[in-house]
Amino acid sequence: MTFPTPYVVGLHVWAGAGEDTHGNPVESYTPPLNQPGTPYAVIGWSVPSSTEPAVAGHDRVVVDVELLTPPGFPAKPRDVIDLPSGQFEVVGEVRDYTTGPFGFAPGGVANLRRVDG
């Protein structure tokens, strides 16, 4: 049994960090973050938490997303995923649920995070 994959997200693979001509650190992605990511079909996603610190003058918002992926989804830490609400960084390894009992291999869960502010 496999789950349907009705949604498409874009994947930007982290290609490493370097420096620009002024010596500032720059991260590199394939394709670049200002272009659409490589399309991949996914099962869906959910937003189980969002935090906004109640500190005067502080406007930082952290959004966590769980991306439900089919088996073999190639994301790894530091890659970036395009969702309709913005770009999110992959945090940690994709949790793989394909080695369970009875031959059931539903896929995995990729934890994503976006920090604004």
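Conventions used here
- Residues numbered from 1 in each chain as written.
- Predicted model: local features only at pLDDT ≥ 70, side-chain atom pairs only at ≥ 80, totals over all residues.
- Heavy atoms only, no water.
- Salt bridge = Lys/Arg side-chain N within 4 Å of Asp/Glu carboxyl O.
- Buried < 20%, exposed > 50% of the residue type's maximum accessible area, 1.4 Å probe, protein only.
- Core = buried A, V, L, I, M, F, W, Y, C linked by side-chain atoms within 4.5 Å.
- Helix = DSSP H or I, 4+ residues; strand = E, 2+ residues; numbered from the N terminus.
- Contact = heavy atoms within 4.5 Å.

## Quick notes on the pattern of salt bridges
Phase 1: One pass over the full model with this rule turns up 4 salt bridges.
Phase 2: For the salt bridge of D79 with K76, the shortest nitrogen-to-oxygen distance reads 3.0 Å.
Phase 3: Of the residues examined, D79 reaches a relative accessible area of 0% and is grouped as buried.
Phase 4: The exposure class assigned to K76 is partly exposed, which follows from its relative accessible area of 31%.

## Structural notes on the nonpolar core
A general feature of soluble globular proteins is that nonpolar side chains tend to end up buried together.
Phase 1: Judged by nonpolar contacts, the single largest core of 13 residues is most densely connected at V9, L67, F73, I81, L83 and L112.
Phase 2: Broken down by secondary-structure element, the contributors of at least two residues to this core are strand 1 (7-19), strand 5 (61-69), strand 6 (80-83), strand 7 (86-90) and strand 9 (108-116).
Phase 3: Among all residues touching I81, those that are not within four sequence positions of it are V9, G10, L11, L67, F73, G86, Q87, F88, V90 and L112.

## Here we look at the side chain of D79
Phase 1: Position of D79 among the secondary structure elements: in the loop between strand 5 and strand 6.
Phase 2: Look past the residues within four positions of D79 in its chain and what remains in contact with it is L11, H12, V13, W14, Y29, P74, F88, E89 and V90.

## Description of the environment of G10
Phase 1: Within the element layout of this structure, G10 appears in strand 1.
Phase 2: We classify G10 as buried; its relative accessible area is 7%.
Phase 3: Along the primary structure G10 and Y40 are separated by 30 residues, whereas in three dimensions their C-alpha atoms are 6.3 Å apart.
Phase 4: When sequence neighbours within four positions are dropped, the list of residues in contact with G10 reads G37, T38, V80, I81 and D82.

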